[in-house]
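So the chains spell out like this:
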Amino acid sequence: SKDEQLTFYLKEYPNYPGNYTGTLTVLFGSEAGGVCGSDLGGRTTPAIEVTYLTGANPNEVKREIIEPCGQGTFRIGGTGHVSASAIPETIDNVTYNYQATISGFSGYEVLFMRSLFATTRMVIQGSASFPRQGKWIQSEAYSLSGPSKIVKVFQSLPQVTADFVVTTF
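Residues numbered from 1 in each chain as written. Predicted model: local features only at pLDDT ≥ 70, side-chain atom pairs only at ≥ 80, totals over all residues. Heavy atoms only, no water.

Overview of the sheet that holds strand 4 (residues 60-67)
Taken in spatial order, the five strands line up as 1-9-3-4-5 in an open sheet, and their pairing is mixed. Strands with a single pairing partner mark the edges of an open sheet, and in this sheet they are strand 1 (5-9) and strand 5 (81-83). The sheet shows a mean angle of 25° between the axes of neighbouring strands, taken without regard to direction. Direction of pairing for strand 1 relative to strand 9 (residues 110-116): antiparallel, over a ladder of five bridges. Across the sheet, residue threonine 7 finds its bridge partner in strand 9, namely phenylalanine 112. (Pairing = 2+ DSSP bridges. Helix = DSSP H or I, 4+ residues; strand = E, 2+ residues; numbered from the N terminus. Axes fitted to C-alpha atoms, helices over the stretch in contact; angles between N-to-C directions.)

Given below as structure tokens:
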């Protein structure tokens, strides 16, 4: 949802050994809309705020914006921008209208991605072996009369609330 974030681990949780040295491709912009607008109320195209966090010495937080809107529209200003390309890709019958590749993860342990301006689904694809982000849990129940029930659930690693790294007014 808009203004909510996802937590991705760049190192194996909970001990954080090694470094993720690949790149990540972020696919987003799956919902209807796509208007960059000329003021705050007119924008329906999402931007993605990316926050990098390390707890090792020195403690560090770095932020970037993945911005699909161009000049002359309502666009987030400043530095730390990653341009998004309007290259649609369909995965599991969902079309993601924008994509961007980010890199430079050395030393960072956790990555937060937050959707700004609009709701969107996100797909994260790693160019190298990406650390596990959780595990599948499967429970099976059988009865003597024949019917059975299988429940399969993905248990993600701990998700950090957006309030931890974002101040809203």
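Next comes the rest of the description.
Some words on the pairing of strand 11 (residues 134-142)
Here strand 11 pairs with strand 12 (residues 148-156) via nine bridges, running antiparallel. Paired with lysine 135 across the strands is glutamine 155, a residue of strand 12. Where strand 11 folds back on strand 12, the antiparallel hairpin that results is connected by five residues, among which glycine 146 adopts a positive phi of roughly 120°.

Considering the sheet that holds strand 2 (residues 24-28)
Overall, antiparallel pairing links the three strands, which are arranged 8-2-10 in an open sheet. Pairing within the sheet leaves two strands with one partner each, and these edge strands are strand 8 (98-102) and strand 10 (123-126). Across the sheet, the mean angle separating the axes of adjacent strands is 20° when strand polarity is ignored. Bridge count for strand 2 against strand 10 is four bridges, and the pairing is antiparallel. Of the residues in strand 10, the one forming a bridge with threonine 25 is glutamine 125.

With respect to the state of the cysteines
Summed over all chains, the structure comprises one disulfide. Cysteine 36 shares a disulfide with cysteine 69; S-S distance 2.0 Å. Looking along the S-S bond of the cysteine 36-cysteine 69 disulfide, the torsion reads about -90°, which is the left-handed sense. Of this pair, cysteine 36 sits in the loop between strand 2 and strand 3 (47-54) while cysteine 69 sits in the loop between strand 4 and strand 5; the two residues are 33 residues apart in sequence, bridging distant segments of the chain. (Disulfide = S-S within 2.5 Å.)

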